[in-house]
Amino acid sequence: MSDPTLDLVGEPFAVVESDPGVFTTLVQTLGVQGLEVIELYSLEPYETDHLNPYGLIFCFLCDDGDENASNCFAGEDLDDPDARSVWFANQLSNDACASQAILNVLLNCKSIDVGPALAGFAADTKDMSPVMRGLAISNLALIREAQNSLARPADVRAARHALATSALESAKNKAKAAASPPTKKRKTSALTSRRKRKAALARADDERLDAYHYIGYVPAHGRVWELNGLRAAGPLDVGEIDSDDPTSRAGWMDVVRPALQRRMQTVLQSGAEHIQYNLLAIVDDPYLRASDELEMLKRERAAIERRLTECFAEGWSDKVDPALLASASEAFATTLRPHAQEAGKAFAPDFGARKMEKEMAVLDMPERKLVPAWEECVRSALSAKVAVEEEVEKSQRAQADHVRRTFDYEPFIREFIVALENEGSLDDVLKEHPAAGRGTGAQPRAGPSSTGGAKGKRR
């Protein structure tokens, strides 16, 4: 039996929205945990420095004639020797640029545990050329299925239809060329030729879909790299990071900021009526940090209460703030961990060391400071719980959006219309709502945003 991970035919890649929730789910589906993809609305230092992102993904609308997209394979002679240490893959599949950009960024972040599947993929493709890596991405079922699982069912069907149509057209053209001898073309007037060309251009303009493309930016080996899957020359060196540690991410946003601002300005000068780009950042999952903070406070509370019990054998509950005492049981309980007294899972690798330091500090704490320390611990837990619950609620909303996005409504709508017809009510509905019978016409082209998503053709 053939190995499904070595599927050399498979399905096409379907388009997905340029939405932070979609990209976060894509990263998790690929087996990478502890990360979140968020949208950046500004490149100012006060908006980005506290995030310390691992990488950025810039999605923008580009024309078919954009030299940064269509003609990027012409720069073979610009190969940079320093870029050979960067993991980079060319994009060979249409609409695969979302997964392509994610992989180009993640596989260059040495501090991220990408999981066994992607780690094995990176090892297998280590010595390959960018083109062969792009072919490996196109042929890996894990990546294709992960991206298609986040697409709308209609987009998946459209991708299959486009692949089947192109295959049939290619087969017809080959059969026609092989069966019939070349025919002698009739001479046409210049006016007729111009009319035909004008009509063809008009049809092409009507049928042209918005083409969005993704480019990754990542710090690696002491430099910042622009990773454009359509650039055959490989990664583009943006600049050097001013740091003695080549693995550090500190200060890399100062290097990439001018390059991104130039790209944004170029897109804005295209004359579009609305902003046709967005910027996504790959950061640490804030839930893990908030959860660890609450778990640390939970352990600190237990250590302080042990000291209080030793120092006040007759009881200490009357020595603390009654309001805080009443809310202590709820301050350390969350939706996912309702038992306040039970220690939950910790995520940070240095959690154990920090816990030991905290317990040692409690042991050395004077008796007069125990009660204020307990009260401060409970107050901090109330704030930490709010942060945890906000992240849980955000995750629940993202899951609900994912279900709504990927649910196939078409069978229900089809059966509902058939039922209306069988009951003889369809004509009455169409008379009451004449616009439904005529259709809605051409759909507006949505730009890349967290609500509408970047729909249309992906490069």
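Values in this document were obtained by computation on a predicted structure and should not be read as measured data.

**Q** In this structure, what is going on with the packing of aromatic side chains? I would like to understand it.
**A** Tallied over the full model, the rule gives 8 aromatic pairs. Between phenylalanine 58 and phenylalanine 60 the ring centres are 5.5 Å apart and the planes differ by 15 degrees, which places this aromatic pair in the stacked class. We classify phenylalanine 60 as buried; its relative accessible area is 2%. Where tryptophan 87 meets phenylalanine 121, the ring centres are 6.1 Å apart and the plane angle is 55 degrees; that geometry is what we call tilted. With tryptophan 87 in the loop between β2 (55-61) and α3 (97-106) and phenylalanine 121 in helix α4 (residues 115-124), this residue pair connects regions lying 34 residues apart in the sequence. Take tryptophan 87: its relative accessible area is 7%, and that puts it in the buried class. Since its relative accessible area comes to 8%, phenylalanine 121 is described here as buried. Three or more aromatic residues link up through ring pairs in this structure, and these residues are Phe58, Phe60 and Tyr277.

**Q** Any chance you could explain the nonpolar core here in plain terms?
**A** Note on soluble globular proteins: their nonpolar side chains tend to be buried together. Ranked by size, the top nonpolar core spans 51 residues in total, and within it Ile57, Ile102, Leu106 and Ile282 carry the most contacts. Broken down by element, the residue count for this core peaks at 7 residues, all from α3. Counting 29 residues, the second largest nonpolar core, distinct from the first, contains Ala290, Leu294, Ala340 and Val388.

**Q** Quick question: what am I supposed to make of the side chain of arginine 231 here?
**A** Inspection of the secondary structure puts arginine 231 in the loop between β4 (223-227) and β5 (236-240). Buried and unpaired, arginine 231 has glutamate 226 as its nearest opposite-charge partner, separated by 5.7 Å. From its side chain, arginine 231 meets the backbone oxygen of glycine 234 in a polar contact 2.6 Å long.

**Q** Whenever I open this one, the packing of helix α11 (residues 322-331) against helix α13 (residues 370-406) confuses me. Can you help?
**A** Contact pair α11 / α13: the axes reach a minimum separation of 10 Å and the direction vectors enclose 45 degrees. Classified by the angle their axes make, α11 and α13 are oblique. Crossing of α11 against α13: the hand is left-handed. Along the contact surface, α11 presents Leu324, Leu325, Ser327, Ala328, Glu330 and Ala331, while α13 presents Trp374, Glu375, Val378, Arg379, Ala381, Leu382 and Lys385.

**Q** For this particular structure, what's the right way to read a nonpolar patch on the surface?
**A** A cluster of nonpolar side chains, namely Phe407, Tyr409, Phe412, Ile413, Phe416 and Ile417, defines an oily patch on the protein surface of about 630 Å² accessible area. Its place among the elements puts phenylalanine 416 in helix α14 (residues 410-422). Taking the relative accessible area as the measure of exposure, phenylalanine 416 reaches 45% and is therefore partly exposed.

**Q** What's the story with α14 in this structure? I'm lost.
**A** What sets the pattern is the α-helix's 3.6 residues per turn: residues three or four places apart point alike. Over its 13 residues, α14 runs 18 Å from end to end, which matches the ideal 18 Å to within 8%, given 1.5 Å per residue. Once α14 ends, the next one or two residues include glycine 424, with phi positive near 75 degrees.

**Q** I tried to follow the pattern of salt bridges on my own but got confused; where do I start?
**A** In the structure shown here, the tally under the stated rule is 21 salt bridges. Between glutamate 226 and arginine 263 there is a salt bridge, with the nearest N and O atoms lying 3.3 Å from each other. Of the two residues, glutamate 226 is situated in strand β4 and arginine 263 in helix α9 (residues 252-268); the sequence distance between them amounts to 37 residues. Both residues of the pair, glutamate 226 and arginine 263, belong to the buried class. As a salt-bridge pair, arginine 299 and glutamate 295 come within 2.8 Å of each other at their nearest N and O atoms. Of this pair, arginine 299 and glutamate 295 both sit in helix α10 (residues 286-311), 4 residues apart, which is roughly one turn of the helix.

Analysis parameters
- Numbering of residues starts from 1 in each chain and follows the order in which that chain's sequence is written.
- pLDDT decides what is reported in this predicted model: residues at 70 or higher carry local features, side-chain atom pairs at 80 or more are listed and counted, and totals for whole chains, interfaces and linings draw on all residues regardless.
- Water and hydrogen atoms play no part in the side-chain values, which are based on all heavy atoms of the structure.
- Stacked, tilted and edge-to-face are the three classes assigned to paired rings of Phe, Tyr and Trp, where Trp is represented by its six-membered ring and a pair needs centres within 6.5 Å; plane angles under 30 degrees give stacked, over 60 edge-to-face, the rest tilted.
- When accessible area is computed with a 1.4 Å probe and restricted to protein chains, residues below 20% of their type maximum are described as buried, those above 50% as exposed, and intermediate ones as partly exposed.
- The helix count covers DSSP runs of H or I at least four residues long, the strand count covers runs of E at least two residues long, and both are numbered beginning at the N terminus.
- To define a nonpolar core, start from buried Ala, Val, Leu, Ile, Met, Phe, Trp, Tyr and Cys residues and group those joined through side-chain atoms within 4.5 Å.
- For this count, His and the chain ends are skipped, Lys and Arg are scored as positive, and Asp and Glu as negative.
- For salt bridges, the criterion is a side-chain nitrogen of Lys or Arg within 4 Å of an Asp or Glu carboxyl oxygen.
- Throughout this description, a polar contact denotes any pair of N or O atoms lying within 3.5 Å of each other; where both atoms belong to protein, one of them has to be capable of donating a hydrogen while the other can accept it, and for residues adjacent in sequence the pair is counted only when both atoms sit in side chains.
- To get an axis, a line is fitted to the C-alpha atoms, and for a helix only the part in contact is used. The angle between two axes follows their N-to-C directions and goes from 0 to 180 degrees.
- Oblique is the label for every angle not falling under 35 degrees (roughly parallel), over 145 degrees (roughly antiparallel), or within 65 to 115 degrees (roughly perpendicular).
- We call a crossing left-handed when the near helix sits turned anticlockwise from the far one by less than a right angle, and right-handed when that turn is clockwise.
- Residues count as neighbours in contact if any of their non-hydrogen atoms are within 4.5 Å of one another.
- A residue counts toward a patch only above 30% relative accessible area and without a salt bridge, and it is joined to like-charged neighbours within 9 Å or, for Val, Leu, Ile, Met, Phe, Trp and Tyr, to nonpolar neighbours within 5 Å.
- Areas reported as accessible are Shrake-Rupley estimates using a 1.4 Å probe. Residue values count occlusion only from the protein chains shown.
- In this scheme, a helix's expected span is set at 1.5 Å multiplied by one less than its residue total.

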